[in-house]
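Each chain is listed here by its residues.
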There are 2 protein chains.
Amino acid sequence: MTVASIDHANWLTSRVEHIESILETLLPAPDVVPQRLHEAMRYAVLGGGKRVRAALLFAAGEAVLQGSAPSMAQEKSLNYAAAAVELIHAYSLVHDDLPCMDDDILRRGRPTVHVAFDEATAMLVGDALQPLAFEWLAAMPVAPALIVQAVTVLAKAAGSSGMVGGQAIDCDSVGKDLNLDALQHMHKLKTGALLKGSIVLGGIVAGASSSQRQILSEFGELMGLGFQIQDDILDVTSDSTTLGKTAGKDLADNKPTYVALLGLEGARQRLAQLHEEARLMLRPLGQSGQYLHYLADYIVGRTY
Amino acid sequence: MTVASIDHANWLTSRVEHIESILETLLPAPDVVPQRLHEAMRYAVLGGGKRVRAALLFAAGEAVLQGSAPSMAQEKSLNYAAAAVELIHAYSLVHDDLPCMDDDILRRGRPTVHVAFDEATAMLVGDALQPLAFEWLAAMPVAPALIVQAVTVLAKAAGSSGMVGGQAIDCDSVGKDLNLDALQHMHKLKTGALLKGSIVLGGIVAGASSSQRQILSEFGELMGLGFQIQDDILDVTSDSTTLGKTAGKDLADNKPTYVALLGLEGARQRLAQLHEEARLMLRPLGQSGQYLHYLADYIVGRTY
């Protein structure tokens, strides 16, 4: 690794540790009533996860701040927003793992929430994490008008025109032949909406101009697709221990994937192409876009 | 009925029709992708329901406006807020009815969402309705600072210190001996938090002073308890056709209820006492609190 890439890897490690401690502090303590629910919420959110969404949010914030230090209020707000997107992501995993959905027993190398607790608790964990995300956005010490924008962005990213909508299309398409456009649309919602939303939120909190928002939004869209293609590739090239979840599951479940549609080489080529587009997209941000650059490399190159 | 009570009954009918048409308009159309999810969301929200929460929200707004007509922006905002609380209520019913929770097949006299569609769709319906509620709050044409307050109130009412927390305590207490304090605490969260939140939201949107908010909040708390006591009474005194859901279910499931703890007469007495407290609470609002008065009578006296 070059010195720069070591610095970037250190930055990511420090951001991951940072968001973990923020989540640890902000989540309801396990001794607060209802204890079992709070314990399960902490189990679902803490202790692992790549924290890609939080990292993208922080990186977008840095890109917009153009090298100047964030105010204390901005820093606190970025923390709340990053924690909020991680809540939405964590809740979606808990619900996706339930028997009526993917019926998965392993997540981040540990029993899924409904296995460690029970199904009803897993359902309620998801149901409680979602409003908590909006509560945290509303607690950001920024101008109320920015909070309103942030709530709108996160709500749309999470809802039926975003993540949950993509999940619904995914459920409906099991066993069906999806063409590339339909697959792309599904992933744009299922994975892309929240990744893009995280990046845009970082920009909003840091006071992005409308042209900066536009760059962040388009870059976010590409990252969403890139993330999913790499996920599909890893599903067939990696093993369960490395992934921390069941490998080969999409294939076994007859789910449409990029690899199924394009072949492994075709999927890798499409990913490389997206990666290049994303790098070009960031050019106007100059040096301050360095962490977004690094995360783009990280997302398409990750092995788990 | 007296002329006044006929007027009030007409007011309630008109408000119920009004919120139904607002929800009908605001919900994603069934031909928008993902169609099946949107169809199921509409099935879950539209076509029935007493709309008590929306009515309380409108009544609280009227109480704060003190007889003056709302501005167009206030009226629109009250509509959005009322629709938002109905979404949260509707989602909670969809998830509560699932096999891993109450496993109920009948709701408002129709098959529950997971019966009419499937379990995965029912889960996703709930997951999509929740962020939509916050999206609608963020769309209210009022001062952003009021939106931020509204988001906070609804998020807390819906989350682990509110409705979902109460549901978790309820799940954990099946088959256990709960004393009256514990039962009360559970219902304060499970049913009370959102009823109270609806009333407070109506006040916030209409520009309530802090003393008005205090009245609305305490009145809301009493209504939450009163609503649940009457629910428990109806569970043993009414039939499934009248209720539109399975009667006698709490008793059969060995769930703690007011009737189980206080007996039928004891529960009725406690309800009458709460009702009287609630009426006294509204006194400072004078004539403009008339619809809240009426709804208090309605809630404790309802037969379904």
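All residue numbers here refer to positions counted from 1 along the written sequence of the relevant chain. Each chain takes a letter, starting from A, and each ligand takes a number, starting from 1, following the order in which they are written. With the structure being a predicted model, the display of local features is reserved for residues of pLDDT at least 70 and the display and counting of side-chain atom pairs for 80 or more, all residues being used for whole-chain, interface and lining totals. Side-chain numbers here rest on the full set of heavy atoms in the structure, without hydrogens or water.

1. Some remarks on the overall build of chain A
In this description a helix means any DSSP run of H or I spanning at least four residues, a strand means any run of E spanning at least two, and both kinds are numbered starting from the N terminus. Counting its regular elements, chain A contains 14 helices and two strands. Over its C-alpha atoms chain A spans a radius of gyration of 18 Å, differing by no more than 12% from the 19 Å that the globule rule assigns to 304 residues. Dimensions of chain A along its principal axes, counting C-alpha atoms only, are 50 × 50 × 35 Å. Put simply, chain A has 304 residues, and 57% of those count as buried. Contacts are assigned to residue pairs with any non-hydrogen atoms lying within 4.5 Å of each other. Partitioning the contacts of chain A with sequence separation of at least 6, the portion at a separation of at least 24 is 75%. Seen as two clouds, the 24 positive and the 34 negative side-chain charges of chain A have centres 4 Å apart. What the globule rule says is 2.2 Å times the number of residues to the power 0.38, and the radius of gyration is computed from C-alpha atoms. Three exposure classes are used, based on accessible area relative to the maximum for each residue type with a 1.4 Å probe and protein chains only: buried under 20%, partly exposed in between, and exposed over 50%. Charged-residue counts in this description rest on Lys and Arg as positive and Asp and Glu as negative, His and the chain ends being excluded. For charged residues, the charge sits on one atom: NZ in Lys, CZ in Arg, CG in Asp, CD in Glu.

2. Considering the packing of helix 3 (residues 52-65) of chain B against helix 9 (residues 180-205) of chain B
For any two helices packed against each other, one specifies the inter-axial angle together with the distance between the axes. All names here are of chain B. Contact geometry for helix 3 and helix 9: axes closest at 6 Å, N-to-C directions at 35°. Helix 3 and helix 9 meet at a crossing whose hand is right-handed. Judged by residue contacts, Val52, Arg53, Leu56, Leu57, Ala60, Gly61 and Val64 of helix 3 engage Thr191, Leu194, Leu195, Ser198, Ile199, Leu201, Gly202 and Gly203 from helix 9. Following the grouping adopted for this structure description, the nonpolar residues are Ala, Val, Leu, Ile, Met, Phe, Trp, Tyr, Cys and Pro, the charged ones are Asp, Glu, Lys and Arg, and the polar ones are all others, Gly among them. Classifying every residue of the contact of helix 3 with helix 9 by side-chain character gives nine nonpolar, five polar and one charged. Axis lines are fitted to C-alpha atoms, over the contacting stretch for helices. Their N-to-C directions set the angle, which ranges from 0 to 180 degrees. By the definition used in this description, the sense in which the near helix is turned from the far one sets the handedness, with an anticlockwise turn below a right angle giving left-handed and a clockwise turn giving right-handed.

3. Concerning the interface of chain B and chain A
Across the contact, 42 residues belong to chain B and 42 residues belong to chain A. Three residues, Met123, Leu124 and Ser160 of chain B, lead the burial of chain B against chain A; their summed loss comes to 16% of the area buried on that side. Salt bridges are defined as contacts in which a side-chain nitrogen from Lys or Arg sits within 4 Å of a carboxyl oxygen from Asp or Glu. Taken together, the links from chain B to chain A amount to zero salt bridges. Polar contacts, as counted here, are pairs of nitrogen or oxygen atoms within 3.5 Å of one another; within protein the pair requires one atom able to donate a hydrogen and one able to accept it, and residues that are adjacent in sequence qualify only if both atoms are side-chain atoms. On inspection of chain B and its partner chain A, the count reaches six residue pairs in polar contact (both at pLDDT 80 or more). Accessible area, probed at 1.4 Å, shrinks when two parts are joined; the buried area is that loss added up over both.

4. A short note on the relation of the copies chain B and chain A
Here the copies are matched by least squares. The fit uses the C-alpha atoms of residues with pLDDT of at least 70 in both. The two copies are related by a screw operation: chain B maps onto chain A through 180° of rotation and 0.0 Å of translation along the axis, at an RMSD of 0.0 Å. When the rotation and shift are considered jointly, the pair of chain copies conforms to a two-fold rotation axis. Residue Pro144 of chain B, judged by its C-alpha, is the member of chain B lying nearest the rotation axis, at 2.6 Å. Here 100% of the contact residues of chain B are again contact residues in chain A; the copies associate through an equivalent surface.

5. Overview of unusual backbone geometry
Residue Pro34 of chain A is reached from Val33 of chain A by a cis peptide bond, and omega for that bond is -5°. Within the fold, Pro34 of chain A resides in the loop between helix 1 (3-26) and helix 2 (35-45). One non-glycine residue, Asp103 of chain A, lies in the positive phi region at around 50°. Structurally, the position occupied by Asp103 of chain A is in the loop between helix 4 (72-96) and strand 1 (106-107). Of note in this structure, Arg51 of chain B is not a glycine but carries a positive phi near 55°. Within the secondary structure, Arg51 of chain B is located in the loop between helix 2 (35-45) and helix 3.

6. Structural notes on helix 13 (residues 258-282) of chain B
All names here are of chain B. Every helix has an expected span of 1.5 Å times one less than the residues it contains. Over its 25 residues, helix 13 extends only 25 Å from the first C-alpha to the last, a length that falls short of the 36 Å expected when each residue adds 1.5 Å. The sharpest bend along helix 13 comes to roughly 90°, located at Leu264. Those residues of helix 13 lying buried are Tyr258, Val259, Ala267, Arg270, Leu271, Leu274, His275, Ala278 and Leu282. You can read the cap of helix 13 off the contacts: a side-chain oxygen lies 3.3 Å from the backbone nitrogen of Val259, and it is on Thr257. Bending is quantified residue by residue as the angle between axes fitted to the seven-residue window ending at that residue and the seven-residue window starting at it.

7. With respect to the pattern of salt bridges
Residues and elements named next belong to chain A. According to the stated counting rule, one finds 20 salt bridges over all chains in the structure shown. Here Arg36 ties to Asp118 by a salt bridge, and the two come within 2.8 Å at their closest N and O atoms. Of the two residues, Arg36 sits in helix 2 while Asp118 sits in the loop between helix 5 (113-116) and helix 6 (119-138), which places them 82 residues apart along the sequence. Salt bridges here are not isolated pairs; linked through shared partners, they connect Glu20, Arg51 and Glu86.

8. Quick notes on helix 9 (residues 180-205) of chain A
Three or four residues apart is the spacing at which side chains of an α-helix point the same way, because the helix has 3.6 residues per turn. Residue and element names in this part refer to chain A. In a regular helix each residue adds 1.5 Å, so 26 residues correspond to 38 Å; helix 9 covers 35 Å between its end C-alpha atoms and thus fits that length. At Gly192, helix 9 is bent by approximately 55°, the largest bend along its length. Measuring from the backbone nitrogen of Asp181 back to the side-chain oxygen at the start of helix 9 gives 3.2 Å, which picks out Asn179 as the cap. Positive phi appears at Gly207, one or two residues downstream of helix 9, with a value of about 85°.

9. Some remarks on the confidence of the model for chain A
Residue-level confidence of the predictor, termed pLDDT, takes values from 0 up to 100. This prediction gives chain A a mean pLDDT of 92; 95% of its residues lie at or above 70. Prediction confidence for the complex, expressed as pTM and ipTM, is 0.94 and 0.94 respectively.

10. Re the side chain of Gln130 of chain A
In this structure, Gln130 of chain A sits in helix 6. Judged by its relative accessible area of 0%, Gln130 of chain A is buried.

11. Observations regarding the packing of aromatic side chains
Geometry of an aromatic ring pair is reported as the spacing of the ring centres plus the angle between the planes. The rule is short: rings of Phe, Tyr and Trp, with Trp giving its six-membered ring, pair when the centres are within 6.5 Å, and they are stacked under 30 degrees, edge-to-face over 60, tilted in between. Overall, the coordinates contain five aromatic pairs over all chains when judged by the stated rule. Sitting over a ring, as applied to charges here, requires NZ of Lys or CZ of Arg to be within 6 Å of the ring centre and within 35 degrees of the ring normal. The ring of Tyr43 of chain A has Arg110 of chain A sitting right over it, with the charged end atom 4.1 Å from the ring centre.

12. Re a nonpolar patch on the surface
The residues that make up patches have over 30% relative accessible area and no salt bridge, and they are joined within 9 Å when like-charged or within 5 Å when they are Val, Leu, Ile, Met, Phe, Trp or Tyr. The method behind every accessible area is Shrake-Rupley, applied with a 1.4 Å probe, and residues are considered shielded solely by the protein chains displayed. Together, Leu180, Leu261 and Leu262 of chain A give the surface a local cluster of nonpolar side chains, amounting to about 200 Å² of exposed area. Relative to the helices and strands, Leu261 of chain A is located in helix 13 (residues 258-281).

13. Focus: the side chain of Ser173 of chain B
All names here are of chain B. You can see Ser173 is positioned in helix 8 (residues 163-173). At 3.0 Å, the side chain of Ser173 forms a polar contact with the backbone oxygen of Asp170. For Ser173, the residues in contact, after removing those within four places along its chain, are Leu178, Met186 and Pro256.

14. Concerning the environment of Gly263 of chain B
All names here are of chain B. Residue position: Gly263 is located in helix 13. Since its relative accessible area comes to 26%, Gly263 is described here as partly exposed. For the pair Gly263 and Ile233, spaced 30 residues apart in the sequence, the C-alpha separation amounts to 9.4 Å.

15. With respect to the nonpolar core
Working definition of a nonpolar core: buried Ala, Val, Leu, Ile, Met, Phe, Trp, Tyr and Cys residues. They are joined through side-chain atoms within 4.5 Å. Of all hydrophobic cores here, the largest spans 212 residues; its most connected members are Leu154 and Leu292 of chain A together with Leu154 and Leu292 of chain B. Not counting the four nearest positions on each side in its chain, Leu292 of chain A is found in contact with Leu56, Ala59, Ala60, Ala63, Leu216, Phe219, Leu282 and Leu285 of chain A.

16. Some remarks on the environment of Leu261 of chain A
All names here are of chain A. Using a relative accessible area of 37% as the deciding quantity, one classes Leu261 as partly exposed. Residues Leu261 and Leu183, spaced 78 residues apart in sequence, show a C-alpha to C-alpha distance of 9.1 Å. Not counting the four nearest positions on each side in its chain, Leu261 is found in contact with Leu178, Asn179, Leu180 and Leu183.

17. Considerations on the state of the cysteines
Structurally, a disulfide amounts to a covalent bond that connects the sulfur atoms of two cysteines. Our working definition of a disulfide is a cysteine sulfur pair at a distance within 2.5 Å. Applying the stated criterion across every chain, the model contains zero disulfides over all chains. No disulfide involves Cys100 of chain B; its sulfur sits 6.9 Å from the nearest other cysteine sulfur, which is in Cys100 of chain A. Of all cysteine sulfurs in the structure, the one in Cys100 of chain B sits closest to Cys171 of chain B, which takes part in no disulfide; the separation is 8.4 Å.

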